[in-house]
Amino acid sequence: MKRLIYIAGLTLFLTGFMLLPTLGRQREPSSQQALLTDYCLSCHNDRLKTGGLTLEQLDIDHPEASPEVWEKVIRKLRAGMMPPTGLPRPDRTTYETFRRTIENAIDRTARANPNPGATPLHRMNRTEYANAIRDLLAIDVDPATILPPDDSLEGLDNLADVLGTSPALIERYIGAAAKISRLAVGNTGIQPLSVTYKVRGDVSQDEHIEGLPLGTRGGIVIRHNFPVDGEYLFKFSLLKVNFGPQYGQSAKNEQLEMSINGVRLLLMDLRSAPYYYIRGGGGGGTAPALEIRLPVKAGSQTIHVNFIKRTAAEVDDLLQPFDATTADLQTGVQYGYTTVPHLSSVEILGPYNIGGPGNTPSRARIFVCRPASQREEAACARKILSSLARRAYRRPVGDDDIAPLLAFYQKGRETGDFDAGIEMALRRILADPLFVFRFERDPENLAAGATHRVTDIELASRLSFFLWSSIPDEELLSIAEQGKLRNAAVLQQQVQRMLKDPKSQALITNFSGQWLFLRELKNRQPDLLLFADFDDNLRQAFQRETEMLFGSIVREDRNVFDLLTADYTFVNERLAKHYGIPNIYGTDFRRVTVPRPERKGLFGQGSFLLVTSAANRTSPVTRGAWILENLLGSPPPLPPPNVPPFPEAANGQGIQKIVTSVRERMEQHRANQPCKGCHQIMDPIGLTLENFDGIGRWRTEDLGSKIDTRGQHVDGTELDGVESLRASMLRYSDAFVQTMAEKLTMYATGRAAHYYDMPAIRAITREAASDGYRFSALVNAIVKSDPFQMRVKRAEETH
Amino acid sequence: MFITKKHLSRRTFLRGAGVTLALPFLESMVPAQTALKGTAALPKTRLGCFYVPHGATMYKWTPATEGKNFEMSEILSPLEKYRNHMTVVSNLRHQSATGADAGAEHARSAALFLSGASPQKNGVRVGTTVDQIAAAEIGQDTPLPSIELAIEDVSLSCGAGYGCAYFNTISWKTPTVPLPMENSPQVVFEKLFGDGGTAEQRLQRKREDRSILDSIRQQTSDLMRGLPASDRTRMDGYLDDIREIERRIRTAEAQAGANQDVPDAPVGTPETFDVHIKLMFDLLAIAYKSEITRVATLMYAKDLSPSTYPESGNRSGFHGASHHANAKSNMDNFALINKYHVSAFAYFIDKLATTPDGDGTLLDHSMILYGSSMSNGNQHDHEPLPIVLLGGAGGTLEGNRHLIASQHTPMSNLLLGMLDKLGVRKESFGDSTGPLTI
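Residues numbered from 1 in each chain as written. Chains lettered and ligands numbered in written order. Predicted model: local features only at pLDDT ≥ 70, side-chain atom pairs only at ≥ 80, totals over all residues. Heavy atoms only, no water.

### What about the overall build of chain B?
- Along the backbone of chain B there are 13 helices and twelve strands.
- Within chain B, the proportion of its 438 residues that are buried is 59%.
- A total accessible area of about 16,300 Å² is found for chain B, and carbon and sulfur atoms account for 51% of it. (Helix = DSSP H or I, 4+ residues; strand = E, 2+ residues; numbered from the N terminus. Buried < 20%, exposed > 50% of the residue type's maximum accessible area, 1.4 Å probe, protein only. Areas by Shrake-Rupley, 256 points an atom, 1.4 Å probe, with all protein chains shown as cover.)

### Comments concerning the sheet that holds strand β1 (residues 46–51) of chain B
All names here are of chain B.
- In spatial order, the strands read β2-β12-β3-β11-β10-β1-β7-β4; together these eight strands make up an open sheet with mixed pairing. The sheet is open, and its two edges are formed by β2 (67–68) and β4 (147–150), each paired on a single side.
- Strand direction decides the pairing type here: β4 and strand β7 (residues 295–299), joined by four bridges, are parallel. Opposite Leu-149, over in β7, you have Leu-298 as the bridge partner.
- Strands β1, β4 and β7 of the sheet are contacted by helix α4 (residues 130–138), whose axis makes an angle of about 160° with β7. (Pairing = 2+ DSSP bridges. Contact = heavy atoms within 4.5 Å. Axes fitted to C-alpha atoms, helices over the stretch in contact; angles between N-to-C directions.)

### Brief notes about the nonpolar core
- Grouped together as the largest cluster of nonpolar side chains are 106 residues, with contacts concentrated most on A:Phe466, A:Leu467, A:Phe603, A:Ile627, A:Leu631, A:Leu744 and A:Phe775.
- With nine residues, the top contributor of residues to this core is helix α24 (residues 733–749) of chain A.
- Once you skip the residues sitting within four places of it in the chain, A:Phe603 turns out to touch A:Leu564, A:Phe608, A:Leu609, A:Ile627, A:Leu631, A:Leu689, A:Phe692, A:Val722, A:Leu725, A:Arg726 and A:Met729.
- With 64 residues, the next largest nonpolar core counts A:Leu121, A:Val141, A:Phe465 and B:Ile249 among its residues. (Core = buried A, V, L, I, M, F, W, Y, C linked by side-chain atoms within 4.5 Å.)

### Considerations on helix α16 (residues 536–555) of chain A
- Compared with the 28 Å implied by 1.5 Å per residue over 20 residues, the 27 Å span of α16(A) between its first and last C-alpha is a close match.
- Count one or two residues on from α16(A) and you reach A:Asp557, which has phi positive near 50°. (Expected span 1.5 Å × (residues − 1).)

### Quick word on the environment of A:Ile471
Residue and element names in this part refer to chain A.
- Tracing the backbone through its elements, the reader meets Ile-471 in the loop between α12 (456–467) and α13 (474–481).
- The exposure class of Ile-471 is buried, given its relative accessible area of 0%.
- With residues up to four places along the chain from it excluded, the contact list for Ile-471 reads Ala-132, Asp-135, Leu-136, Arg-391, Arg-394, Ser-464 and Phe-465.

### A closer look at the side chain of B:His402
All names here are of chain B.
- The topology assignment puts His-402 in strand β12 (residues 401–410).
- By relative accessible area, His-402 is classed as buried at 1%.
- Separated by 2.8 Å, the side chain of His-402 and the backbone oxygen of Thr-65 make a polar contact.
- At a separation of 2.7 Å, a polar atom in the side chain of His-402 contacts the side chain of Ser-90.
- Non-local contacts of His-402, meaning those with residues more than four positions away in its chain, are made with Thr-62, Pro-63, Thr-65, Glu-66, Gly-67, Phe-70, Val-88 and Ser-90. (Polar contact = N/O pair within 3.5 Å; in protein donor to acceptor, adjacent residues only side chain to side chain.)

### Brief notes about unusual backbone geometry
- Here the amide bond leading from A:Gly350 into A:Pro351 is cis, since omega sits at 5°, within 30 degrees of zero.
- Within the secondary structure, A:Pro351 sits in strand β11 (residues 343–356).
- Cis geometry marks the peptide bond from B:Glu383 to B:Pro384, where omega comes out at -5°.
- Take B:Pro384: it is sitting in the loop between β10 (366–371) and β11 (387–390).
- In this structure, A:Glu154 takes a positive phi of about 55° despite not being glycine.
- Summarising the element assignment, A:Glu154 is placed in the loop between α5 (143–146) and α6 (167–185).
- On the accessibility criterion, A:Glu154 (40% relative accessible area) is partly exposed.
- Here B:Ala393, not a glycine, exhibits a phi torsion of approximately 50°, which is positive.
- Locating B:Ala393 in the fold gives a position in the loop between β11 and β12.
- A residue is classified by how much of its surface remains accessible, and B:Ala393, at 2% relative accessible area, is buried.

### Overview of helix α4 (residues 126–137) of chain A
Residue and element names in this part refer to chain A.
- The first and last C-alpha atoms of α4 sit 16 Å apart over twelve residues, in line with the 16 Å expected at 1.5 Å per residue.
- Burial of α4 is extensive: eleven of the twelve residues sit out of reach of the surface.
- Three or more residues of α4 are buried, namely Arg-126, Thr-127, Glu-128, Tyr-129, Ala-130, Asn-131, Ala-132, Ile-133, Asp-135, Leu-136 and Leu-137.
- Where α4 begins, one side-chain oxygen reaches toward the backbone nitrogen of Thr-127, 3.1 Å away; that side chain belongs to Asn-125.
- Ala-138 sits one or two residues past α4 and shows a positive phi near 55°.

### Notes on the state of the cysteines
All names here are of chain A.
- Considering all chains together, one arrives at one disulfide over all chains under this definition.
- Residue pairing for Cys-369: its cysteine sulfur links by disulfide to Cys-380, the two sulfurs lying 2.1 Å apart. The disulfide joining Cys-369 to Cys-380 has a torsion of about 110° about its S-S bond and is therefore right-handed. Of this pair, Cys-369 sits in the loop between α7 (361–366) and α8 (377–393) while Cys-380 sits in helix α8, and the two are eleven residues apart along the sequence. Like Cys-380, Cys-369 is buried.
- No disulfide involves Cys-43; its nearest neighbouring cysteine sulfur is the one of Cys-40, lying 9.1 Å away. (Disulfide = S-S within 2.5 Å.)

### A word on a nonpolar patch on the surface
- Among the surface-exposed residues, A:Leu318, A:Leu319 and A:Tyr335 lie close enough to one another that they form a single nonpolar patch of about 400 Å² accessible area.
- Residue position: A:Leu319 is located in the loop between β10 (299–308) and β11. (Patch = residues over 30% accessible without salt bridge, like charges linked within 9 Å, V, L, I, M, F, W, Y side chains within 5 Å. Salt bridge = Lys/Arg side-chain N within 4 Å of Asp/Glu carboxyl O.)

Geometry only, nothing functional implied.
Written out as structure tokens, the structure is:
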């Protein structure tokens, strides 16, 4: 027995002794374990697996062993989302240290053994395709008319993961190659085509439209590509009331005006009622057709179509008209309203009586030489095609590339002239996968799993598609060809140059358009009965405002937090009236200081407030969930299945009878258990914005009850109004910047981010922090990062 | 002679034969010892699958009586004239909509309608849809194996972690390849009839396209060099696409002689739903008639669509109206939209019924599925679904019937049963438990 005790004692002693040297280092991890046990494991254990997550078997002192799970934990903690509302939390410093300790361990391991990922074979999406065509051939094409829309993932449509192919899609690329080459070369055998430009039905045309001449009202600005010198027929349609009659038919002395490149070519008196400008006449009589046939030079021309503004005086009507003049088309024919005609579309048909290919920028770009005799043709063709192919394929080209092109040139030359030969070869270039896809290759002798830096040529394309959504220009391509782009100083200088170039507008429009849902605006239609003054003019102003705010951060290289806190914004007369800003006249946008602090930054802007509302009311749930997902990177989980409908009132009349305000609705799902868990996180966030109605107007009442914006944030702090929301966003600034960095990194690398990208994204954020979170700092950090500059060679897949 | 039920589909034949223009009818295409009717070799049945989101007011959809000469329901009444070509199938459900990864019902409804499979979250994967399985069999000798049509523009921001592909299309070529749906009649026209003013010009351009495609295939090995394995797979898919386009061009060339009364190309996209959907139906009827394609899918609207249909008498947004809180007056109002949608469908059925085709009408030789993958849109039920089939399916569908399936019958059973009518034999499909006999 004694002997046994002795052995036990010795074992204890020895064990203790062996552990001793590590004790000092273990103090920190064990405090991590204590925090995990105290605050996490009571739900996230093997038995309960709350939210499908258990942390019980994981070693918190070695999170690098299972980074995929821990990254989920980090994501929740970064945004302050756990533990849930009402449960105890450690103090803020301990909370942050807990998270950072996990991050540091994962980041350390990742630094030693980075995984830069690999972007799958990337097909140019339709926006990139149109930009590439513009930069290659100097012609504007409308991406929506040449290619089908692309799928998107993570809210972005430029991620290779979902840029797949199908016969129907590739057929469109092949078809686009034929059409564009015809346009670019100026094929004089072209058949007349018709293109219709429509004015959205919900555009009010009572007032001046931006981009049109002063002293005019309504109308449309069109940028149209005329394929050759020739005659074109312009047909104008006026807006009609549902069953035939023309809108605003009783207005007198109305005149329609058209100009091309600022030169007036048409001023037409419109007949008053009962003449209808519809095909074959109708109603009281036939009016002369609204059309004109004119000779037009080849190339891209700007066309203005508008009405002459007769009077700016207030009309003394029997009934008050809506700002949205077309909200009820009956006002266009009804007694009591004074309305004026609206343009509904412009159709351009042609060419007729073709004069010649004309002198277009695209022909100047293509025909870098002109053969003086037939003997020079082959050499000239080679020169033209080499130059086009190099830019299109975005790399140096050799004989192997040119030979097939020359064969197509020959094919076209045999049945037509020199230009026809070039057109045929250009068509072949544009159809080539080397143009349509972004090829990145792995060195063949590299082992699977090893990483490598992409070539300078590949880097040049990555850079130009990131900053310009287009192909590299001559300077970038030749620097890459010389192998200089890998030099950090040269690279940074190129980034600065490219950000300054107007082509970086693509980054502003495409990134903010998708991240901040601006592209979604055009699909939102607030209920016309409730928001009768909402029209497309206002919708477009919403989009411009947020685009310009984001643009100011890019162009002025501001701190990215300004997106939430800027005390300035951009308005025109229409938007200023909507926000209650005085003394702003005209359709052009200008920078103003926000009239009240509530309007600061994104949360005070119509675009955000509209896309996060339902058609007939605000939706605090959508607003809360949107902020969690897009600004804090912590999307709420899906609603559980079979959610019962709201309880009915005893009379069977449904929810409307028992609930009045939006807030009361929200209280309902925060009272029920299956809903409560998430709604008590989302709803309080959304409710802070209740002072803004469904189209972003300031209000203090909702359906008769006073707006109440109070609530409790998941982290326990009290919320009340938009200012408190902004304060809470700044408290989780890490989450905001990292969410933006993650989105922008996905956009830059053209692929979805995975858990193994998070160390790089944190490094990008840290680097941007050291430079005051300026936008260029973020871009530079992304460009320098491993995911942007490197690839991992994946193991061969077995199918 | 050794007799088996094995037979060559035309597709297999084409693959082996390479360049073949006309499609000779070979004995080997017919399974041994089967009648010609109903084999893969000669199916003339046109398949259409039309999707309407948000469910329907079921008490106004479902006919009150079962079987032959059923009592017509309020919502289906615009189809009364075609009752002899009409099979109402009640009591079906889409079980794949519930299951472990449930929730976000609208994000998934369109994707599961014809697949009977659960869309994968945070990825792009569902299941090959019934129209594409059919197209692989009955669409391979037409210029377009299938056509995908929509009325609404695609949405870019979808929801709940599900990709937009799930919202934007009901047609999946493979479990990971969604087929984009086209809503511009002008584009649809060009797809059906080609680029160019005259028939001759269109043919010339097709020939040129073919030589370009041919030349792209020549450079394959260069393109593949140094590509990672997964990219090579992607490139393989691309080359399959190229071959598929070449095949379509050859078929179109072979058909060019056939006299087709092609209408004027429509310009732009119509402003109202009514004009828009009728134009799409006009084009589809011509495509069916001239056998440019035999398989079509169409989406009336996308899930969550706020579109309004003032002609229906209900001016509320579509999705909003479907959340009727189970209040009777709201449900009656929602039924107005349902009925209006059916009346647009009746316009198409009327076209088919008045177009001669072979020994009958196009309607005799069609099988058109119309319905939703939701039942009561208010609580996102997926059972019992509002489903109706129109057409005689080449004499295999009896019509004038209201079938009530046993409770909880998977919708996939009907889809499997429909494949059967097309002569496409499959053991199972989606979450099917066996074909529904229709």
